[in-house]
Amino acid sequence: MPDKPIVEARGIHKHFGAHHVLKGVDLVLAERELAFVIGPSGSGKSTLLRCLNRLEDPSSGSVIVDGVDLLNPRTDINHARQRIGMVFQSFNLYPHMTALGNVTLALRKVAGRSRDDADALGHAALARVGLADRAGHTPGQLSGGQQQRVAIARAIALEPRVMLFDEPTSALDPELVGSVLGVMRDLRESGMAMVVVSHEMGFARNAADRVLFMDEGVIVEQGTPAEIFETPSHDRTRAFIGQIQRH
Amino acid sequence: MSNWDRFLDTFFNAKVMAKYLPDIAYGMLITVELAALVIVSGIVSGLALALLRSLGYRPVNLLIVFVVDLFRALPPLVIIVFIYFGLPAVDVSPSGFVSTWLSLTLVLMAFSEEIFWAGITSIARGQWEAARSTGLSYGQTLMNVVLPQALRLTIPPLTNRTIAITKGTALGTVVAVSEILGMASSAVSNSYNPSPLTLGAIAYLILFLPMVVFGRWLETRMAWKR
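These figures come from a predicted structure and were not determined experimentally.

Peer 1: Summarise the overall build of chain A; cite the residues concerned and give the values.
Peer 2: Counting its regular elements, chain A contains nine helices and ten strands. The C-alpha atoms of chain A give 18 Å as radius of gyration, which agrees with the globular expectation for 247 residues (18 Å, within 12%). On the principal axes, the C-alpha backbone points of chain A span a range of 55 × 45 × 40 Å. The burial tally for chain A puts 55% of its 247 residues in the buried class. The long-range fraction of contacts in chain A, counting pairs at least 24 apart against all pairs at least 6 apart in sequence, stands at 66%. If you sum the accessible surface of chain A, you get close to 10,200 Å²; carbon and sulfur atoms cover 46% of it. Charge separation in chain A, taken as the distance between the mean sites of 27 positive and 29 negative side-chain charges, equals 3 Å.

Set out below in structure tokens:
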């Protein structure tokens, strides 16, 4: 571990009714680290990600992000979430606001910035994702790739300590994937700690520090991209990697 | 007297119309007052109930659903009669005007609550999650993200429902409210000529046609590109 952990999730269990989705998962993420989570659908990887900012409440376990215990009832979760950016598969931009409005809403309402301040930060965040000229466009006027980049700008404008990506390119046409991965690569190079759930194996190979393979609610194995992709030690990992690469 | 003349004399008798025009105008004033009060109190209380319901307290929600279903099922006239003739039994004697206002408010509240609730629940979960993930509180998300989208969706059904219920101000005539229909009816009795009813119909058109057009305008204006 090069630095002190920015995310420290231990013994996470999650039940949805009788369904046991996470069965004791540990995830420790160092500062500046990019952890890439792969696994078949239903393996619990999205649920794990959503436990890291408490969009889902873990049934048991502990989640500490940037030194803040998210599961402590006295923790101001809204305050803590500013430090944890999240990007969703379906973008989830606010359709009634412009790109700039999407980016500045939390800056004004949560971070307490003045409108001028928020606008300046919002323009800077949009410039970072290459959309400086789209500030006044509504989501409906943007392509999927542009919408996802606005969603990334919305998260990074709050200067998070860690970014969670939940299948950020799965809803995109193939020719639009590259622009989103490009922004994620820039973020990575700026030293942002990231947890990425995705099927973009090429991105995993050349950007991830660590790849975790999840199946049936547990982390089956983890290692460097080379270890997981070239010499997986579990049959289930091997089968999954084989399947992904055949397609 | 030809049939046509008889028709004109019956429904468009200028002398009768001129005589009762001030009465109908006064009735219009009462109708406008009543309608405005009903719209404001009905929609505000309906929205308040929908917001309360969105907090998800089960016993509260059961009560809201019961009240809403009750006032959607009862004919407004029954509610008016019940309030006007029933409440005096417990030593509360609302005027006809207040009874009508209260009744239509309850009905509009019930229908608008359902419409607002449908609007709120139609907003995708992802909108809530995206907003909450940036640190917005439940209330901030509701006010800044969910309601602005939900209200746009509710405008067409809400406009239709509001117009339908506001026209129910005419029911006030059974508890002696001197609104348009009440004034027109008594004018008909006094003049032995139905022309005041024509005046009343024109008065309703003057009041409600703009509302219909306004609703349509609002609907197109509020549309946004997805």
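Peer 1: Give a detailed account of the pattern of salt bridges, specifying residues and quantitative values.
Peer 2: For the structure on display, the rule yields 19 salt bridges over all chains. Across the pair Glu129(B) and Arg50(A) runs a salt bridge, and its minimum N-O distance is 2.6 Å. You can see Glu129(B) sitting in helix 6 (residues 125–133) and its partner Arg50(A) sitting in helix 1 (residues 45–51), one on each of two chains. In terms of burial, Glu129(B) and Arg50(A) fall into one category: buried. Asp133(A) is paired through a salt bridge with Arg134(A); the nearest N and O atoms lie 2.9 Å apart. Judged by its relative accessible area of 53%, Asp133(A) falls in the exposed class. Arg134(A) gets classed as partly exposed once you look at its relative accessible area, which sits at 25%.

Peer 1: Give me the lowdown on a nonpolar patch on the surface, citing residues and values where you can.
Peer 2: A contiguous nonpolar patch, built from Trp4(B), Phe7(B), Leu8(B), Phe11(B) and Phe12(B) and spanning about 490 Å² of accessible area, is present on the exposed surface. Mapped onto the secondary structure, Leu8(B) falls in helix 1 (residues 3–11).

Peer 1: Residues and numbers for the sheet that holds strand 1 (residues 5–16) of chain A, please.
Peer 2: Residues and elements named next belong to chain A. Across the sheet, which stays open at both edges, the four strands sit in the order 2-1-4-5 with antiparallel pairing between neighbours. With one partner strand each, in any of the chains shown, strand 2 (19–30) and strand 5 (68–69) form the two edges of the open sheet. Of the pairings in the sheet, the one linking strand 1 to strand 4 (residues 60–65) comprises five bridges and is antiparallel in character. Across the sheet, residue Val-7 finds its bridge partner in strand 4, namely Val-65.

Peer 1: Tell me about the interface of chain B and chain A, and please be specific about residues and values.
Peer 2: In this assembly, 21 residues from chain B lie in contact with 24 residues from chain A. Note on chain B versus chain A: buried area summed over both sides is about 1,900 Å², and carbon and sulfur give 56% of it. Counting the contacts that link chain B with chain A gives one salt bridge. Along the contact surface separating chain B from chain A lie six residue pairs in polar contact (both at pLDDT 80 or more). It is helix 6 of chain B that provides the largest number of residues to the side of chain B that touches chain A, a total of eight residues.

Peer 1: Tell me about helix 4 (residues 115–128) of chain A, and please be specific about residues and values.
Peer 2: Residues and elements named next belong to chain A. Given a rise of 1.5 Å per residue, 14 residues ought to cover 20 Å, and the 20 Å separating the end C-alpha atoms of helix 4 matches this to within 8%. Buried residues along helix 4 sit in contact with helix 3 (99–109) and helix 5 (144–156). Looking one or two residues beyond helix 4, the residue adopting positive phi is Gly-130, at roughly 75°.

Peer 1: Lay out the environment of Phe213(A) in plain terms, naming residues and giving numbers.
Peer 2: Residues and elements named next belong to chain A. Looking at where Phe-213 falls in the secondary structure, it is placed in strand 9 (residues 210–215). For the pair Phe-213 and Ile-6, spaced 207 residues apart in sequence, the C-alpha separation works out to 21 Å. The residues touching Phe-213, leaving out its near neighbours within four places in the chain, are Ile-38, Gly-39, Pro-40, Val-218, Ile-219, Val-220, Glu-221, Arg-236, Thr-237 and Phe-240.

Peer 1: With reference to specific residues and values, describe the nonpolar core.
Peer 2: Membership of the largest hydrophobic core comes to 90 residues, with the highest contact counts inside it found for Ile38(A), Ile152(A) and Met163(A). Each residue touching Met163(A), except ones within four places of it in the same chain, is listed here: Gly85(A), Val87(A), Ile152(A), Ala155(A), Ile156(A), Leu187(A), Met192(A), Ala193(A), Met194(A) and Val195(A). Counting residues in each nonpolar core, the second largest holds 14 residues, with Phe71(B), Leu104(B), Val107(B) and Leu108(B) among its members.

Peer 1: Could you give me a rundown of the packing of aromatic side chains, with the residues and numbers involved?
Peer 2: Residue and element names in this part refer to chain B. By the definition in use, this model includes nine aromatic pairs over all chains. Taking the centre distance of 5.5 Å and the plane angle of 20° together, the rings of Trp-4 and Phe-7 count as stacked. One end of the pair is Trp-4 and the other is Phe-7, both in helix 1 and three residues apart, which spans about a single turn. With relative accessibility at 36%, the residue Phe-7 sits in the partly exposed group.

Peer 1: Quick one: what's the story with the sheet that holds strand 3 (residues 34–38) of chain A, residue by residue and with numbers?
Peer 2: Residue and element names in this part refer to chain A. The strand order 6-7-8-3-9-10 describes an open sheet built from six strands, whose pairing is mixed. The two strands at the open ends of the sheet, each matched to only one other strand, are strand 6 (84–87) and strand 10 (218–223). Neighbour-to-neighbour, the strand axes of this sheet turn through a mean angle of 20°, independent of strand direction. With respect to the sheet, helix 5 is in contact with strand 6 and strand 7 (162–166), its orientation differing from that of strand 6 by roughly 170°.

Peer 1: Please provide a residue-by-residue account of the packing of helix 5 (residues 96–121) of chain B against helix 7 (residues 138–166) of chain B, values included.
Peer 2: Residue and element names in this part refer to chain B. Where helix 5 contacts helix 7, the axes come no closer than 8 Å and their chain directions differ by 145°. Where helix 5 crosses over helix 7, the two elements pack in a sense that is right-handed. In contact with Leu-104, Val-107, Leu-108, Phe-111, Ser-112, Ile-115, Phe-116, Gly-119 and Ile-120 of helix 5, helix 7 contributes Val-146, Leu-147, Ala-150, Leu-151, Leu-153, Thr-154, Pro-157, Leu-158, Arg-161, Thr-162 and Ile-165.

About the thresholds
- By convention here, each chain's residues receive numbers from 1 onward along its written sequence.
- To label them, take the chains in the order written and letter them from A, then take the ligands in the order written and number them from 1.
- Reporting in this predicted model follows two pLDDT cut-offs: at least 70 for local features of residues, and 80 or more for side-chain atom pairs to be given and counted; totals over whole chains, interfaces and linings ignore these cut-offs and use all residues.
- In computing side-chain properties, one takes all heavy atoms of the structure into account and sets aside hydrogens as well as water.
- Elements are defined by DSSP. Helices are runs of H or I of four residues or more, strands are runs of E of two residues or more, and each kind is numbered from the N terminus.
- For the radius of gyration, the atoms used are the C-alpha atoms, and the globule rule reads 2.2 Å times the number of residues raised to 0.38.
- For each residue, the accessible area found with a 1.4 Å probe, counting protein chains only, is set against the maximum for its type, and the residue is called buried under 20%, exposed over 50%, and partly exposed in between.
- Contacts were defined at the residue level, with two residues in contact if any of their heavy atoms lie within 4.5 Å.
- Surface accessibility in these figures is a Shrake-Rupley result with a 1.4 Å probe; residues are shielded only by whichever protein chains are displayed.
- All tallies of charge rest on Lys and Arg as positive and Asp and Glu as negative; His and the ends of each chain are not included.
- Charge positions are represented by NZ for Lys, CZ for Arg, CG for Asp and CD for Glu.
- Salt bridge, as applied in this entry: a Lys or Arg side-chain nitrogen positioned within 4 Å of an Asp or Glu carboxyl oxygen.
- Note that patches include only residues with greater than 30% relative accessible area and no salt bridge, and the join distances are 9 Å for like charges and 5 Å for nonpolar side chains (Val, Leu, Ile, Met, Phe, Trp, Tyr).
- Following DSSP output, two strands are said to pair if at least two bridges run between them.
- Computed with a 1.4 Å rolling probe, the buried area is the accessible surface lost when two parts are put together, summed over both parts.
- Between N or O atoms, a polar contact is any pair within 3.5 Å; within protein, one atom must be a potential hydrogen donor and the other a potential acceptor, and residues adjacent in sequence are included only when both atoms are from side chains.
- Given the number of residues in a helix, its expected span is that number minus one, multiplied by 1.5 Å.
- Only buried residues count toward a nonpolar core. Its members are Ala, Val, Leu, Ile, Met, Phe, Trp, Tyr and Cys residues joined through side-chain atoms within 4.5 Å.
- In this scheme Phe, Tyr and Trp rings, the latter by its six-membered ring, pair at centre separations within 6.5 Å, and the angle between planes marks the pair as stacked below 30 degrees, edge-to-face above 60, and tilted otherwise.
- The convention used is that axes are lines fitted to C-alpha atoms, helices contributing only their stretch in contact, and that angles between N-to-C directions extend from 0 to 180 degrees.
- Note on convention: near helix rotated counterclockwise from far helix by under a right angle means a left-handed crossing. Clockwise means right-handed.

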